[in-house]
Structure formats: C-alpha cells, structure tokens
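Examining the three-dimensional arrangement
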Amino acid sequence: MMQANQTKNRKSILIVDDEESIRQVMQNILEMEGYHIETASSADDARVRLEGNSFQLILSDINMPGESGLDLVRYVFDKYDNIAAIMVTAVDDPSLAEAMFEIGVYDYITKPISRSSVIISVKNALHRRELELSNKNYRDGLEKMVTDRTTSLQSLMHQLRETIDGVIQTIALTVETRDPYTAGHQRRVANLARAIAVEMKLSNESVEGTYLAGLIHDLGKISIPAEILSKPGRLTVNEFNLIKDHPRTGFDILKDIKFPWPIANLVLQHHERYDGSGYPNGISKDDILLEARIISVADVVEAIASHRPYRPSLGIDIALEEISKNAGITYDPDVTKICIELFKKKGFTF
Ligand SMILES: [Fe+2]
C-alpha cells in the first residue's frame, strides 16, 4: 500500500475551475488518493502554473470567465508533451463531448462531482496515458534502431565498395607498370565505357561494374612477355595467339573473387564481337554481356585514337569512322551510336 501511494505521489494533476468549492472538492478527493495537486482559478492562472511544473494530467472546467477550458486544453496540447486532459462540465452534452474527444481529451466529468466518477476517470486517463507513452517509446526505439542499423550497414557497404575500388585500381596499376605503352589505356577505356553506360541509362550498379571491369580489362596481359607487348612492327602468328589468350587469363585470375558485378566475365568477353567474329569464344549479340559490348567499343576507339608501339595515334575521327563502319557488324549498333554521339555532340574527350 505504501509502495502504491509513493508511486501515485509522483503523479501531478492540475485542477482548473473558477469555482473554489469545486476545486476544493476535487483536490480533496484526489489528494486522498495520493496524487500531488495544484489548482488554478482561470485559464490564465493555469498557464502560470504550467510553466516550470510538470503535470501528467489537467482537469479543467469548460465554462470559465475569460478563456474557455477547451481553448486552454488546446493550448496545453500544443505547448506541452504528454499531458492528458479531462474536462469538467455542468452540462452533459454529447456534441460537446465529440468536440472534446476530437482534440484529444480523454474523458469528461459532469457536475455535480461524484467522488467515484472523478477517481475512475482520473485513474483511467493516467493509465491510458502510460500505455500511449510506452507505445510511443517503443515505436521511437524501433525507429531509432532501424535507422541506426541502416546507417551502419550503409557505411559498411560504402567501405566495402571503396576497398573493392582500391583493389581494382591497384590491379590496374600493376598491369600498367609492366606495359608502359598501354599505361593509361585501361583508365581511358574505363572512363569512356562508363560515359556510354550512363548515356544508355544503365543502372548505377551496371555503370560501376562497367567502369571497374574497364579498368582491368587487359589484366591477362601480365602473362604475355613484355617484349611482345611493346614490340614495334607486326606480330608473328604465334605472338598474336599469345596475345589472344589475355581475356581468358584475366578471367582465370578474377573468376574466384566474389565481386558484386560480373567483372571476370566482362574481362573474358571484351574481345568478343557482335557478329561472333571475336575471341576467345566467338559468341555474338545478346550472348555477350551488354557491359562487355560497351567495353569492347570503348577499347577499340581508345586503341585507334592513341599512340601504339607500332604506330602513332590515328586520331579520334578515324576511330569513330571504324566503329561507325562496323556498327551492327562487329560492334553493337546502339553502343556505337551512343559512343559517336558522346564525341560528336556531347564533347566527350579522353
Ligand atoms: Fe584487351
């Protein structure tokens, strides 16, 4: 019993009524129940009491000189969190009751005041307030937990992506240090391939996959002797056959890494041709991944437009002419069209 009273003592209730006798009666009833009570004789008086005090419940008369009890309660709901309200009224009017419930009043007590109705109504209101508060806390807690977990998952994903990017950049640099003639080739191919993928409205995922695969598409060249790679002049058939192994070698190196993109397959397919005349598998059209069709066009354009060991740059116009002439034959017609537009209309440069 002592324990129960102590708990109840913590509940503070503000009673607002212009009639002193009513205030007194209600105060007595509720103090007997162990509540802490403050009283106010008007809405203005109530505002002063509300400042700096924390009430769990306000019990307010409706009809008072000056501001009405309903306006006071509206103000309280607006300004203070988590205060429950019960109205006290001389008339039992259902339409008034509806207006009260609409603004969030829990209950109303009609005069003359009956001890049991005050106690029941107050206990109910405080109980309902507790339930609503614990519900709200639970919801807020859940929301916060979901937000926190989502944020940490996102930052983990971001870190992971950065790690993968870093690994791929490092692989790209490794290839390029062995083969100075194609230094920068992979980066430029990756940039052009990414621009084509963006223009073709591929998903962000695919755009990134295209770019990263572009960055290491010639990885397999690390197994080709450097003197063949940098040989000026024509290659022998055997030398050319060695070079043709590089997509497969790159695939073999990458195939067991679980990238979020089909990087190994894109590397494998970057010398396949639209009409099936490419290598290593001679696959054609849609059997070649779209991102690989993009990389192969970017690869050819970059290769023709830049200096090679066996010839100087032929320039971008010759490069675009080559893909234009073979659009729909060796090169995907849509990819070719977008690539040409990028250079001729959108100002793309290497
Ligand atoms: Fe290649």
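For the structure, check the block above.
First, a word on scope: everything that follows refers to the structure included in this document. (Residues numbered from 1 in each chain as written. Predicted model: local features only at pLDDT ≥ 70, side-chain atom pairs only at ≥ 80, totals over all residues. Heavy atoms only, no water.)

**Brief notes about the coordination of the iron ion**
A metal bound by six donors in octahedral fashion has ideal angles of 90 or 180 degrees, whereas one bound by four tetrahedral donors has an ideal angle of 109.5 degrees. Taken together, the protein donors to the iron ion comprise Asp-218 (OD), His-246 (NE2), His-270 (NE2) and His-271 (NE2), at separations of 2.1 to 2.4 Å. Relative to the metal, the four donor atoms surrounding the iron ion lie at angles of 83 to 168 degrees, and the coordination shape comes out irregular. Spacing between the donor residues of the iron ion along the chain follows D-x27-H-x23-H-H. Of this pair, Asp-218 sits in the loop between α8 (204-215) and α9 (226-229) while His-270 sits in the loop between α12 (263-269) and α13 (290-305); the two residues are 52 residues apart in sequence, bridging distant segments of the chain. For the pair Asp-218 and His-270, a shared accessibility class is recorded, and that class is buried. (Donors = N, O, S within 2.8 Å, 3.2 Å for Na, K, Ca; no water. Tetrahedral: all angles 85-135°; square planar, octahedral: opposite > 155°, others 65-115°. Helix = DSSP H or I, 4+ residues; strand = E, 2+ residues; numbered from the N terminus. Buried < 20%, exposed > 50% of the residue type's maximum accessible area, 1.4 Å probe, protein only.)

**Observations concerning the nonpolar core**
With 50 residues, the main nonpolar core has Leu-192, Leu-254, Ile-263, Val-301 and Ile-323 as its most contacted residues. Those elements giving two or more residues to this core turn out to be α6 (115-178), α7 (185-199), α8, α11 (246-254), α12, α13, α14 (316-325) and α15 (333-344). With nine residues, α13 is the single largest residue contributor to this core. One finds Leu-72, Ile-83, Ala-97 and Val-105 within the second-largest nonpolar core, a separate group that totals 22 residues. (Core = buried A, V, L, I, M, F, W, Y, C linked by side-chain atoms within 4.5 Å.)

**Digging into the packing of aromatic side chains**
The final tally for this structure, using the stated rule, is four aromatic pairs. An angle of 85 degrees between the planes, with centres 6.1 Å apart, marks the rings of Phe-348 and Phe-350 as edge-to-face. Owing to a relative accessible area of 38%, Phe-350 belongs among the partly exposed residues under this scheme. An aromatic cluster of at least three residues, connected via ring pairs, comprises Phe-343, Phe-348 and Phe-350. Positioned over the ring face of Tyr-75 is Arg-47, at 3.8 Å from the centre of the ring. (Phe/Tyr/Trp six-rings, centres within 6.5 Å; stacked < 30°, edge-to-face > 60°. Lys NZ or Arg CZ within 6 Å of the ring centre and 35° of its normal.)

**Observations regarding the pattern of salt bridges**
As enumerated under the stated definition, the model contains 24 salt bridges in all. Across the pair Arg-161 and Glu-208 runs a salt bridge whose closest N-O atoms are separated by 3.6 Å. Linking Arg-161 in helix α6 with Glu-208 in helix α8, this pair joins segments that are 47 residues apart in sequence. Residue Arg-161 is classed as buried on the basis of its relative accessible area of 19%. Within the structure, one salt-bridge network assembled from shared partners comprises Asp-17, Glu-19, Asp-61 and Lys-111. (Salt bridge = Lys/Arg side-chain N within 4 Å of Asp/Glu carboxyl O.)

**Topic: the sheet that holds strand β4 (residues 84-89)**
Backbone hydrogen bonds are what pair the strands of a sheet, in a parallel or an antiparallel way. Spatially, the five strands line up as an open sheet ordered β2-β1-β3-β4-β5, and their pairing is parallel. Two strands lie at the open edges of the sheet, namely β2 (36-40) and β5 (107-110), each paired on one side alone. Strand-to-strand, the axes of this sheet are offset by a mean angle of 20 degrees, without reference to chain direction. Here β4 runs beside β5; their pairing, made up of four bridges, is parallel. Looking at the pairing, Ile-86 lines up with Asp-107 of β5. (Pairing = 2+ DSSP bridges. Axes fitted to C-alpha atoms, helices over the stretch in contact; angles between N-to-C directions.)

**What about the environment of Trp-261?**
Following the sequence through the fold, Trp-261 ends up in the loop between α11 and α12. Judged by its relative accessible area of 6%, Trp-261 falls in the buried class. Once the C-alpha coordinates of Trp-261 and Ile-323 are considered, the two residues, 62 residues apart in sequence, prove to be 27 Å apart. Excluding its chain neighbours within four sequence positions, the residues that come into contact with Trp-261 are Arg-161, Ile-164, Glu-205, Glu-208, Gly-209 and Leu-212. (Contact = heavy atoms within 4.5 Å.)

**Here we look at the side chain of His-270**
Residue class for His-270 comes out buried when judged on its relative accessible area of 0%. In terms of polar contacts, His-270 uses its side chain to reach the side chain of Asp-218, at 3.2 Å. Within the local environment of His-270, its side chain forms a polar contact with the backbone oxygen of Val-267, the two atoms lying 2.7 Å apart. (Polar contact = N/O pair within 3.5 Å; in protein donor to acceptor, adjacent residues only side chain to side chain.)

Limitation: the analysis is restricted to geometry and does not speak to function.
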